[in-house]
Each structure stands twice: as C-alpha cells, then as structure tokens.
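So the chains spell out like this:
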Amino acid sequence: MTDTKILLDESEIPTHWYNVVADMPNPPAPYLGPDGQLLTPDAMQAIFPPAIIEQEMSSQRWIEIPNEVREILRLWRPAPLYRAHRLEQALGTPAKIYFKYEGVSPAGSHKVNSAVAQAWYNREAGIKRLTTETGAGQWGSSLSLAGSMFGLQVRIYMVKVSHGQKPFRRSMMQTWGGEVIPSPSMHTEAGRRVLAADPDNQGSLGTAISEAVEEAASRSDTNYALGSVLNHVLLHQTVIGLEAKKQLEKVGDYPDVIFAPCGGGSNVGGMMFPFLADKAAGRDIRLVAVEPDSCPTLTRGHYAYDFGDVAGLTPMMKMYTLGHDFMPPGIHAGGLRYHGDSALVSQLYHEGILEAVAVPQLGTFESGVLFSKTMGIIPAPESNHAVHAAIQEALRCKESGEAKTILFTLSGHGHFDMASYDKYLAGELQNYSYPDEAIRAALATLPKV
Ligand SMILES: *Cc1c(COP(=O)(O)O)cnc(C)c1O
C-alpha cells in the first residue's frame, strides 16, 4: 500500500500564486460600473488597496507571495494530501481517490489562505479597519484571525439566520478580536432598507455584502474584504492546487478528474486553475465544480451581467447568476448559498473548459458520513458536495472497471456544523431543488447593460 498522507516540506510552500488569466483562451469579460461603462481601477479605490486592485486586473502569470504572508501560511501549510485507501476499499472501486485537506488551518477551512494575504496588503496600504460579510461564519472567522495577526480591526456583518444558528462561529470571530453584527442591521442604509420592507428578514449574503461595502466606502480608514468570487481571492487560493500537484508528483500520479465544492468559486479556482494550465497545453483532465441543487448557479443560472449584492453597490460582473435578490432556501451548506459565481469560473464554464454538476443535500450528507467513518475527518457540509461527487465517480469506475485517479478538495472540517449533522442523523433534512419559476423570474431582475 502506498502512503496515506503525502506531505511537503515547509520550504515547498509555493513562492508565487498562479494567475489563470495568463492561460485563458479569451480575456476575461470586464467588470462594469453602475453606469454600465467599463469599471476603472479608480472606482475600486474606495474599498480596496492598490495591490489588490492590481491583482484583480492582472494578466501576469506568476505573482510573488509576500514573505510575511508566507510566514503566516507556514503555521498550517503545506496542507496534507491524503490517499483515501479506506474509502476506496469501502466502495470497492478500482479508482484511486486523493483529497487535499484544507481543514488544518486555524479557522478550519481554506478561506484563511486569502484572508491573510488581503489583511497584509491592507495594512501595507495604511488601512486600520476592514469590513466584511459572512454566511456560515467560515470567512468571518478567517478574516478575524488574519486581522488580529496584522493589527487590523475587523467588523463582520453576519447573515442573521447563521448568527442565531452558529453561536460558536461567532465566538471564534470574537476571540480573534472581530466585531460581529447580525445582518440586516440598522448600521447601514442598505440594512435599514431591507428591514423597513421586512422587519423579520433573516438576511442573505447579498444583503450582508451591501452593508459591508457601504460602510467601507464611507470611511477612509476602512476597506472591504471579500472571501470568494473575485479574481484576487481565487489567485490567493492557488496555493491549494500548486501544492497538490507537487504532492501527486511525489507519488508519481496525476488526476483524471478533479472535484471541488462551488459557492463563489474560490475552491474551484484554487484547486483547478494550476491544473488548467496543463489542460490548456493539451493534457486530458476533467475539472468539475460541484454545487447544491438548492442553489444551482452554474448548472441552471443565467450567464449575464449582474451585481454581487442586493443593493447593487458592487460592480457588475458577467457571471452565472440566480439574480442578485436571491433569498436562499435554508439548506445546510451555508457557504454555498450565493446567487452568483466567480466571473473567471463562469467564463471558463461557459467556454466548456470547466464542468459543473448539482447534487442533492441528502446525498452530500450520506457521503459525508461514509467519509467520516472511513477516513475519520468530519467534513464541512460544503465540502461534502465534493466528497459526494468523488464517491459517485468512484462508483461509476466500479461499474466500468476503470482505475481512474480522482482528486477532490476537502475544503474544511465540520466541527462547527454538527447541528446540521444532527438534523441529518435525525432524518429531518430534505432535498430541495430550486424552482424553475424562480430562475425564470430572476431574468427580470438582471440589470440591463
Ligand atoms: C466558503 C466555503 C466554501 C465555498 O466557497 P468557494 O469560494 O466556492 O470555495 C466551500 N467550503 C468551505 C469549507 C467554505 O468555507
């Protein structure tokens, strides 16, 4: 039996992030301002530091990781790559299953990889405070931690329903010094408007983003940080795929297919973009984003310009979208409940370079429980989407007798999500497929450009 855990030396943490824009067949569709005209870098200066804006617009293939950022990444990176022998045996599949485990970070997911970089660039630019939003709490925890490492104050607008359901995520943010505000709130115009229309509104990522952006734009000492979707976030996450590639090289392997959970696209970009360069060079590899049936952005959304938030304060991005006023159904993978998707991931999917699949909630938990019993790690509900797709692929291999090499991202652990496992184990979870009428209705809400 070959190794179960494939490790790298600290010296093998990547020195550069990989920018997929350099290898895309077509340049990315530009962002548009509220007037429908091309967004200028100047327009982003109210909320982002210059280095981040440069990364957002860059087509340079390799971008150096600052030393101080690498030093902090060393606290948990390189992240281990595992060969899931025991899962393979339980499935009786001839396929080889590998997974990259990002739950070893202090906040328990991949999100800290970008939080540290963003906090550093903001401190370098003289910024004192950051605002952000969080749904399930993963991003808010990550940015609180990163802020504390660089002496920045962090204010987090947390989607109200999660604020009630995830008290320990809130405690983590507060332990690291973050200030947590349930959203919609009375602190912002955007929040007040939502509450005026519906005092019991339980919030959404789209609303929380509006609140955080509005506050950052109104204060010169304050910037905004986003945990997914934008190009620079996907760039920062490429440490995942770059390490995984090296780890597979160590055991002389290469994936036939890669799965990653997809909410805003940072796992997809982070793991898959470094392999996409090989695909562009002619290598045969399938790259598959996995999303929930209840929020089927890539598989059933509209490919169109839309806002990233409810109030329409963000630039317009060409992406797959369910409409920016999407109010998510109460599914248990909070990190996947976003109406849109990364513009880069959307374009690559549109061009047939990436694939996508939507999976039902119950299947993801069933697979997550099997994974927990065989490999020990209890995955985050978001991560269970990739676990499920990988298991389905391994079962197809069992039928066809193909010994494929499967790789997936285990984006985080589920230690703060046990309430959702409780519900699953008690038989209280259901499948929910987002209705066609709602997808059709969203067309009418898309901005006309
Ligand atoms: C946020 C999150 C996701 C989804 O976000 P992407 O940007 O699409 O990767 C997946 N898994 C975990 C654990 C998360 O916290």
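This is a predicted model, so every value here is computed, not measured.

Q: Help me get a handle on the packing of helix α16 (residues 361-375) against helix α18 (residues 418-425), residues and values and all.
A: Two elements in contact, α16 and α18, have axes separated by 11 Å at closest approach and are oriented at 100°. In terms of orientation, α16 lies roughly perpendicular with respect to α18. Between α16, through L362, F365, E366 and V369, and α18, the contact on the second element is made entirely by S420, Y421 and Y424. Taken together, the residues of the contact of α16 with α18 break down into 5 nonpolar, 1 polar and 1 charged.

Q: Hey, could you go over the sheet that holds strand β10 (residues 257-261) for me, with residue numbers and the actual values?
A: As summarised here, the arrangement of the 7 strands in space is β1-β4-β5-β15-β10-β11-β14, forming an open sheet in which the pairing is mixed. Strands with a single pairing partner mark the edges of an open sheet, and in this sheet they are β1 (5-6) and β14 (355-359). Where strand β11 (residues 286-292) and β14 come together, 5 bridges link them in parallel fashion. When the sheet's bridge partners are listed, E291 is paired in β14 with A358. Contacting β5 (96-101), β10, β11 and β15 (405-410), helix α13 (residues 266-280) crosses the sheet at an angle of about 160° to β10.

Q: Account for the packing of aromatic side chains, with residues named and values stated.
A: Applying the stated criterion across every chain yields a total of 13 aromatic pairs. Taking 5.4 Å as the distance between ring centres and 55° as the angle between the ring planes, the aromatic pair formed by Y18 and W62 counts as tilted. Of this pair, Y18 sits in strand β2 (residues 16-18) while W62 sits in strand β3 (residues 62-64), placing them 44 residues apart in sequence. Ring plane angle 70° and centroid distance 5.2 Å describe the contact between Y320 and Y349, whose orientation is recorded as edge-to-face. In this pair, Y320 sits in strand β13 (residues 316-321) while Y349 sits in helix α15 (residues 343-350), placing the two residues 29 residues apart along the sequence. Members of the aromatic cluster, joined through ring pairs, are Y82, F99, F371 and F408. The cationic tip of R83 hangs over the ring face of Y98; the distance from NZ or CZ to the ring centre is 5.7 Å. One residue, R283, lies across the ring of Y254, its end atom 3.6 Å from the ring centre.

Q: Account for the UniProt feature "modified residue: N6-(pyridoxal phosphate)lysine" (unreviewed entry) in the protein chain, naming residues and giving values.
A: The positions that UniProt labels "modified residue: N6-(pyridoxal phosphate)lysine" (unreviewed entry) are, in the present scheme, K111. With respect to the helices and strands, the residue K111 is situated in the loop between β5 and α5 (112-124). By relative accessible area, which is 16% here, K111 ends up buried. In this view, K111 contacts Q138, W139, S142, G227 and Q237; residues no more than four positions away in its chain are not counted.

Q: Go over the pairing of β5, please, and point to the residues and values.
A: Most of β5 sits out of view: 5 of its 6 residues are buried. Here 3 bridges tie strand β4 (residues 81-83) to β5, and the two strands are oriented antiparallel to one another. Each bridged residue has a counterpart across the sheet, and for R83 the counterpart in β5 is Y98. As defined by bridge partners, β5 adjoins β15 across 6 bridges and the pair is classed as parallel. Note on β15: the bridge partner recorded for I97 is I406.

Q: Which residues make up the side chain of S185, and what values do they have?
A: Positionally, S185 belongs in the loop between β8 (179-183) and α9 (189-197). Among the polar contacts listed, one links the side chain of S185 to the backbone nitrogen of H187, at a separation of 3.0 Å. Side-chain polar atoms of S185 contact the side chain of E211, separated by 2.7 Å. In this view, S185 contacts Y157, G191, R192, L195 and E211; residues no more than four positions away in its chain are not counted.

The rules behind the values
Residues numbered from 1 in each chain as written. Predicted model: local features only at pLDDT ≥ 70, side-chain atom pairs only at ≥ 80, totals over all residues. Heavy atoms only, no water. Axes fitted to C-alpha atoms, helices over the stretch in contact; angles between N-to-C directions. Helix = DSSP H or I, 4+ residues; strand = E, 2+ residues; numbered from the N terminus. Parallel < 35°, antiparallel > 145°, perpendicular 65-115°, else oblique. Contact = heavy atoms within 4.5 Å. Nonpolar A, V, L, I, M, F, W, Y, C, P; charged D, E, K, R; others polar. Pairing = 2+ DSSP bridges. Phe/Tyr/Trp six-rings, centres within 6.5 Å; stacked < 30°, edge-to-face > 60°. Lys NZ or Arg CZ within 6 Å of the ring centre and 35° of its normal. UniProt positions renumbered as here; feature names shortened; annotations may be inferred. Buried < 20%, exposed > 50% of the residue type's maximum accessible area, 1.4 Å probe, protein only. Polar contact = N/O pair within 3.5 Å; in protein donor to acceptor, adjacent residues only side chain to side chain.

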